[in-house]
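Structural characterization, general
Chain by chain, the residues:
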Amino acid sequence: MMEKPAEGVANTLHNERLILLILAAVQFITIVDFMIVMPLGPQLMRTLDISPSAFGLIVSSYTFAAGIAGLIASATVDRFSRRTAFLFLYSGFLLGTLFCGLSMNYPSLVISRVIAGAFGGIVGGISMAIIGDVFPDSRRGRATGALMTGFAIASVAGVPMGLFIGTNFGWQMSFIALSLLGLPVLALAWFALPVLNDHAVDLRPSTLTSLRTTFLHINHLNAFALIIALTMSGFLVFPYLSVYFVGNVGMTEQQLPLIYIAGGALTLVASPTVGRYADRFGKLLVFRAIAPISAVMLVLITQLPAGAVLLTICVFGTLMVCNVGRMIPAMAMVTGSVLPKNRGAFLSANSSIQHIAGGAASYLGGLIVVQSADDRLLNFGTVGTIAAAFSLVSLWLAGRLRLAEELVVPAVDMSLPAAAEASVDAGEALVACIEPDQSGELESCSV
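1. Some details on the confidence of the model for the protein
In regions of low pLDDT, the predicted coordinates are not meant to be interpreted in detail. Looking at the protein as a whole, the pLDDT averages 77, with 78% of positions reaching at least 70. Below a pLDDT of 50 lies the segment residues 1–13, which in the model reaches eleven contacts outside its immediate sequence neighbourhood of four places, other chains included. Contacts from residues 408–447, a stretch scored under 50 in pLDDT, to residues over four places away or in other chains number 44 contacts.

The following block contains the structure:
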């Protein structure tokens, strides 16, 4: 019987550039679908006659639906090939986006956002699982950076174009155009994506065991905590920036695309550079260099003076670069923190937690900010300070992550109770077996 090729050898059989192109295109479409709602905030609030809290529900409905769907997918997604899961979820997302374009009132839009979120929220996790299966750790940071260019292009081209279409033809047309744009990508993915089913063995664990493996592994919990901190720091602020720019800074709705063009252009240049630096100098080092700058920008952008349009563009562009720049090494570390056989379930759960945290942050931000009679947002500086605190906490959380390959076999299925028991007595050999030292090497076991 022919032996199964090693992971690194098998990866060379795939067209890596074409895979990255497809995943980046899907990333572009899903990001535009999610982001377009936020800059359309002033128009949606005006045409649908809704309050800021009701607008916050439009944003949160997508994220909460994605979170719940991700929890369900985390127990089942690894039973299917990456290609099958990807095509099913992406097709459902395009259908939900089309429903958004066909919505004529607030309730139907919220329901459509739930459908789009339930499918689209998991696509990102499957995309990262494909990256993890195809690219070894030595090139995973670069591949993640290339994938993140979808976010940059979405900002520099997708969102401004969506705003232009929404402003001139109605907000529904933005979603209809996006769903039509996604059809050729779906066809290309159908023919070009590899099956990637090495993880789907004949004997899979039960759903309860799969959930336990995903949510009770100490290294997974460290990864989830990092993602929660990063997501909270972003979604406390970003959903309300367009309303803040118009009401507080004094920008017009027609000027809003300039913000996203500038930020997206900078991110487009920075993303691959950050990915290369992460692979060359270490992902943790690059993350710790960027995250503090992000914290400073979160404070600055929520305390901008009125009329400072040029300053607003500069601060927003820097914030977007820092936001994507810290996520590239963070996601590369998170992807490497789980074994390949559990990667699909883990990253689906990670996507779920990320969206739930985003929805919670959006809701929390809506509770803190208050819209005055002249449409200004009050208490936004407080929101920025809280967001900056989450960004700083992520510095400590990132240091707790370990590569899955660094952990010995008994630690793979280590549960929370076992980890807690091991941490009580630092002299037990179990701790020496699973905890790397400062150099990253595993300490030897002692009796």
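So that's the structure; there's more coming.
2. A few points about the pattern of salt bridges
In total, this model carries two salt bridges according to the counting rule given. Residue D33 pairs with R113 through a salt bridge whose shortest N-O separation is 3.2 Å. Of the two residues, D33 sits in helix α2 (residues 16–35) while R113 sits in helix α6 (residues 106–134), which places them 80 residues apart along the sequence. With a relative accessible area of 1%, R113 lands in the buried category. Among the salt bridges present, the one from K283 reaches D279, with a minimum N-O distance of 3.4 Å.

3. Notes on the side chain of T231
Summarising the element assignment, T231 is placed in helix α10 (residues 218–235). Not counting chain neighbours up to four residues away, the residues in contact with T231 comprise Q354, A357 and G358.

4. Here's the deal with unusual backbone geometry
The phi angle at D49 is positive, at roughly 55°, despite the residue not being glycine. Here D49 shows up in the loop between α3 (41–47) and α4 (52–74). Here N379, not a glycine, exhibits a phi torsion of approximately 70°, which is positive. Topologically, N379 is positioned in the loop between β2 (377–378) and α16 (380–398).

5. What about the nonpolar core?
Core analysis: the biggest nonpolar cluster contains 114 residues, and F86 and F245 have the highest contact counts within it. Here F86 is in contact with L23, V26, V123, I126, S127, I130, A189 and L193, once residues within four sequence places are set aside. Among the nonpolar cores identified, the runner-up in size contains seven residues, and V274, A278, I290 and C322 belong to it.

6. Remarks on the packing of aromatic side chains
The full count for this structure, using the stated rule, is eleven aromatic pairs. Relative to F235, the ring of F34 has its centre 5.4 Å away and its plane inclined at 55°; by these criteria the two rings are tilted. Of this pair, F34 sits in helix α2 while F235 sits in helix α10, and the two are 201 residues apart along the sequence. In this structure F34 comes out as buried when scored by relative accessible area, which is 13%. A residue is classified by how much of its surface remains accessible, and F235, at 19% relative accessible area, is buried. Between the aromatic rings of Y244 and F245, the centroid separation amounts to 6.1 Å while the plane-to-plane angle is 55°, which identifies the pairing as tilted. Each member of the pair, Y244 as well as F245, carries the same accessibility label: buried. Here a set of aromatic residues connected by ring pairs shows up, and it is made of F238, Y244, F245, F316 and F380.

Criteria and thresholds
- Residues numbered from 1 in each chain as written.
- Predicted model: local features only at pLDDT ≥ 70, side-chain atom pairs only at ≥ 80, totals over all residues.
- Heavy atoms only, no water.
- pLDDT = per-residue confidence, 0-100.
- Contact = heavy atoms within 4.5 Å.
- Salt bridge = Lys/Arg side-chain N within 4 Å of Asp/Glu carboxyl O.
- Helix = DSSP H or I, 4+ residues; strand = E, 2+ residues; numbered from the N terminus.
- Buried < 20%, exposed > 50% of the residue type's maximum accessible area, 1.4 Å probe, protein only.
- Core = buried A, V, L, I, M, F, W, Y, C linked by side-chain atoms within 4.5 Å.
- Phe/Tyr/Trp six-rings, centres within 6.5 Å; stacked < 30°, edge-to-face > 60°.

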